[in-house]
Amino acid sequence: MADTAKDKDVIEEEVEEESTTTTTTTKKTSQWHKTRTTKTSATTKTTTLTTPAKLYGKDLSEYDDVDVESLLAQLSPEEITILAKEVDPDDNFLPPDQRNSYECTKEATGPLNRKQLIEHINKQAIETPDQPEFEPFVQGTVRGKKWVPPPRDAREIEAEEQIAIDMGEEYEHALNDATQEEIIDLAAILGFHSMMNQDQYHASLLNKGQPVGLGWDGITKSTQQKLFPMDPPNSTDVEESIKRVKDDDSKLIDLNLNNIKNISDEKLEQLFAALPQNEHLEVLSLTNVGLTDKTALLLAEAIEKSKTLRVLNVETNFISPPVIVKLVQALLKCHTIEEFRASNQRSAVLGNKIEMEITDLVEKNSSLLRLGLHLEFNDARHRVAAHLQRNIDRIRKDLELRLQFRFFNNLHRKSTRIQ
């Protein structure tokens, strides 16, 4: 019994070894290989067959050591030309005439004459007869097959039906019977600006009626510019105004000398000399009067001594940037000026140094609320705007406190009277 069991174990081990026996033969090549697998009930045998890649009967590996330059040197010019036509180098740095296989064998006829070329093309087009039609043209006759649109997909039709909005019979009836003017008015109310032009939109808002010839099918034209009459020249008497400033006329609060170009420097000097003694003038406008640095410096001295001036406008003159700095500096001593305008001067660009000086002076001014100067640099603009806003906020708070004080003071007086 023991011998029988040992023989059985030996037989099972041989069967297992035979079933797991696998013979594999592999040969590596550069390109091709085939694998063939044969299966039986007890054994599995795998064999790999290879087919090497060949070019003109030789393996590709044999061409690795070939010197291409020497081969090209052995070719004749005709053979090189044939080879160049067969190969298209994908190189953007090569000119097109070297990449293109087309070669023109015609001789050059001379330089290009554009005028003669156009005349030749026009002459050839006129002399070339039109191709006759096989059948004469008959209006209303359809020739060939008539195009019929393909049937639409049922899913698209269902999607459109789902998107359709049911507004009810009353709204549908109202929209169907609405006139063109009513639809334009409705579009203006809903804000559909792309459905109309400016004339239609403004006419709808002002209830003026729609202009004639500007319907849905009308031609949109540019709006005609409205011509306004020219402003009359400034008729202010300069000598009389200077006299009223010297006499401190209580009715002279606003003096406007804009666009008066025949004011001499002597008259401007007389005006600026009379400003410190005046206690009623609040607004002085000197736009486009030919102010120069000489007269502007006298104005700066007058500003320092002014007591009631609130608004000063010297735009569009011939003041240099350093003198503008002098004017802004004079505002520090005059605590009454709230608005100063001096843009559009002889120099369009002030420069970084001048703008920084003006910014520093404005930040020291606690009474200035508005400044009319073109500042190029963002830092100067932001700093000036922030400081002016702080001045406005402070004045508003002071005004609110004064009103509250007056209100409580009056309320206290009434309460004491009642007691």
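Reference entry: report on the structure contained in this document. (Residues numbered from 1 in each chain as written. Predicted model: local features only at pLDDT ≥ 70, side-chain atom pairs only at ≥ 80, totals over all residues. Heavy atoms only, no water.)

## What to know about unusual backbone geometry
Convention followed: Labels follow the DSSP assignment, with helices taken as runs of H or I lasting at least four residues and strands as runs of E lasting at least two, numbered in each case from the N terminus. When a residue's accessible area, from a 1.4 Å probe over protein chains only, is under 20% of the maximum for its type it is buried; when over 50% it is exposed; and in between it is partly exposed.
Even without being a glycine, N259 presents a positive backbone phi close to 65°. Even without a glycine there, the phi angle at N344 is positive, about 60°. Structurally, the position occupied by N344 is in the loop between β9 (339-341) and α14 (352-364). Assessed through its relative accessible area of 52%, N344 is described here as exposed.

## A short note on the nonpolar core
Considering soluble globular proteins, one finds that nonpolar side chains tend to be buried as a cluster. Put simply, the rule is: By convention a nonpolar core is built from buried Ala, Val, Leu, Ile, Met, Phe, Trp, Tyr and Cys residues, the set being connected through side-chain atoms within 4.5 Å.
Formed by 50 residues in total, the largest nonpolar core has its most connected members in F272, L286, I303, V314, F340 and I358. Sorting the residues of this core by element identifies α10 (238-246), α11 (265-274), α12 (293-305), α13 (321-330), α14 and α15 (378-418) as the ones contributing at least two each. If you tally residues by element for this core, the top one is α13, at six residues.

## A short note on α12
Our working rule: A helix is expected to span 1.5 Å multiplied by its residue count minus one. Here the arc refers to the set of directions running from the helix axis out to each C-beta atom. Residue contacts are defined here by distance: any two heavy atoms, one from each residue, within 4.5 Å place the two residues in contact.
An ideal rise of 1.5 Å per residue puts 18 Å on 13 residues; α12 measures up with 19 Å between its terminal C-alpha atoms. For α12, every residue scored as buried is listed here: T295, A296, L299, A300, A302 and I303. For α12, the buried positions fall inside an angular range of 165° around the axis, keeping them on one side. Counted as exposed and oriented over 90 degrees from the buried face of α12: K294 and K305. Residues of α12 that are buried sit in contact with α11, β8 (311-313) and α13.

## Re the environment of L186
The topology assignment puts L186 in helix α8 (residues 180-190). On the basis of relative accessible area, L186 is assigned to the partly exposed category, the value being 39%.

## Considering the environment of N259
So the rule is basically this: Throughout this description, a polar contact denotes any pair of N or O atoms lying within 3.5 Å of each other; where both atoms belong to protein, one of them has to be capable of donating a hydrogen while the other can accept it, and for residues adjacent in sequence the pair is counted only when both atoms sit in side chains.
Along the chain, N259 falls in the loop between β6 (254-256) and α11. Spatially, the C-alpha atom of N259 lies 6.8 Å from that of N234, the residues being 25 residues apart in sequence. Looking at N259, its side chain comes within polar contact range of the side chain of N288, at 3.2 Å.

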